[in-house]
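Listed here are the chains, written in short residue letters.
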Amino acid sequence: MPGYNKFKQALQAQQQQVGGWSLSGSPTLVEALATLSYDYLVLDLEHGPSSVQDLQHLLRALEQTEVAAIVRMPSHDPIAIKQALDLGAWTLYFPFVESVAEAEALVQAALYPPAGRRGFAKMHRASRYGSRADYTEVANAEVCLIPQLETPAALEQAVAIGQVEGISAVFIGPGDLSAALGLHGQVNHPQVRELMLACVSRCQQAGIAVGTVMPSPSDAHWALSHGFSFVSIANDVANMLGQSRSQLQQLAQLQGRDA
């Protein structure tokens, strides 16, 4: 069990990581993506159709592979956090964290006493139904909690949030950040990038790892080359539509018609 969270291990070793993102909620697509060389795959319960109750099927699709699972939670609900961890999740993203107090509340919900207030149960999937006798002893060390910072005000609090005991890294959400600036979806706008880079610089000086998600390989390269520790590229639905759209356009060109 010790060292079981590959994603957290890489964070602690200061290794940059490249991830994918599953918005579809499909265990088949998750399983297929895990055949690629991603370091991790985000299972999106916030904007995708999946609920916490669907999570075990998505986790099963990854657990026999080398790809680490990250669960983007739909909310800060302590019950949902407990359920996700009991189902076997190790690393959680939390949307729209704005303050130290919110980060502290997440830690309380996710860690066992005395570090937190996670409800104790011996018989659940994370402990392999009680067969992992040391689960509760190492769970607090293995769980990885990552607040998402999605407004200019949240980015200003990045260092304070990242220094909360029990928080492993922070994540900048460029989509919501662009929306907060009135630049909906313009994640490459100079104003968005300026705020992101300033935040990364402050976090680097404080020894805090920062992640994000980018729409293309060139954007992901930009982020990694500017000090981000972990970056996801697009998502499975966007990639599927992009490839399908490209195929239709190519066929239309070959046939001399509009797609």
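This is a predicted model, so every value here is computed, not measured.

(A) Fine view of the overall build of the protein chain. Looking only at helices and strands, the protein chain has twelve helices and eight strands in total. For the protein chain, the C-alpha atoms occupy an extent of roughly 65 × 40 × 30 Å along the three principal directions. Burial statistics for the protein chain: of 259 residues in total, 47% are counted as buried. In the protein chain, the proportion of contacts linking residues at least 24 apart, taken out of those at least 6 apart, comes to 61%.

(B) Molecular detail of the pairing of strand β7 (residues 210-214). Of all the five residues making up β7, five are buried; the element is thus mostly covered by neighbouring parts of the structure. By the alternation rule, side chains of β7 split into Val210, Thr212 and Met214 and Gly211 and Val213, which are all buried. As paired strands, strand β6 (residues 170-172) and β7 are joined by three bridges and run parallel to one another. Bridging from a neighbouring strand, phenylalanine 171 pairs with glycine 211 of β7. One ladder, built from four bridges, connects β7 with strand β8 (residues 230-233); its direction is parallel. What sits directly across from threonine 212, in β8, is valine 231.

(C) View of the packing of helix α4 (residues 78-86) against helix α5 (residues 100-110). Viewed as axis vectors pointing N to C, α4 and α5 meet at an angle of 45°, and their least axial separation amounts to 9 Å. Classified by the interaxial angle, the pair formed by α4 and α5 is oblique. When you trace α4 past α5, the crossing you get is right-handed. Residues Pro78, Ile81 and Leu85 of α4 touch α5, and the partners they reach there are Leu106, Ala109 and Ala110.

(D) The arrangement of the pairing of strand β3 (residues 68-72) in detail. The element β3 is largely enclosed, with a buried count of four among its five residues. Summarising the sheet, strand β2 (residues 40-44) and β3 pair through five bridges and their orientation is parallel. By the bridge assignment, leucine 43 is partnered in β3 with valine 71. Between the parallel elements β2 and β3, the chain passes through helix α3 (residues 55-63) in a crossover that is right-handed.

(E) Structural detail: the side chain of serine 127. With respect to the secondary-structure elements, serine 127 resides in the loop between α5 and α6 (135-142). Beyond its immediate chain neighbours, meaning those up to four positions away, serine 127 contacts Lys122, Arg132 and Tyr135.

(F) Structural view of unusual backbone geometry. Cis peptide bonds are those with omega within 30 degrees of zero, and the linkage from proline 113 to proline 114 qualifies with 10°. Looking at the secondary structure, you find proline 114 in the loop between α5 and α6. Positive phi outside glycine occurs at glutamine 14, with the angle close to 60°. Counting through the fold element by element, glutamine 14 comes out in the loop between α1 (6-12) and β1 (17-22). Its identity as a non-glycine residue notwithstanding, alanine 234 has a phi of 50°, on the positive side. Mapping alanine 234 onto the fold places it in the loop between β8 and α12 (236-255).

(G) Molecular detail of the state of the cysteines. Applying the stated criterion across every chain, the model contains zero disulfides. Counting only cysteine sulfurs, cysteine 203 is the nearest neighbor of cysteine 144, a cysteine outside any disulfide, at a range of 15 Å. Here cysteine 144 falls in the buried class, since its relative accessible area comes to 0%. Between cysteine 199, a cysteine without a disulfide, and cysteine 203, which holds the nearest cysteine sulfur, the sulfur-to-sulfur distance is 4.2 Å.

About the thresholds
Residues numbered from 1 in each chain as written. Predicted model: local features only at pLDDT ≥ 70, side-chain atom pairs only at ≥ 80, totals over all residues. Heavy atoms only, no water. Helix = DSSP H or I, 4+ residues; strand = E, 2+ residues; numbered from the N terminus. Buried < 20%, exposed > 50% of the residue type's maximum accessible area, 1.4 Å probe, protein only. Contact = heavy atoms within 4.5 Å. Pairing = 2+ DSSP bridges. Axes fitted to C-alpha atoms, helices over the stretch in contact; angles between N-to-C directions. Parallel < 35°, antiparallel > 145°, perpendicular 65-115°, else oblique. Left-handed = near helix turned anticlockwise from the far one by under 90°. Right-handed = clockwise from strand over helix to strand, strands pointing away. Disulfide = S-S within 2.5 Å.

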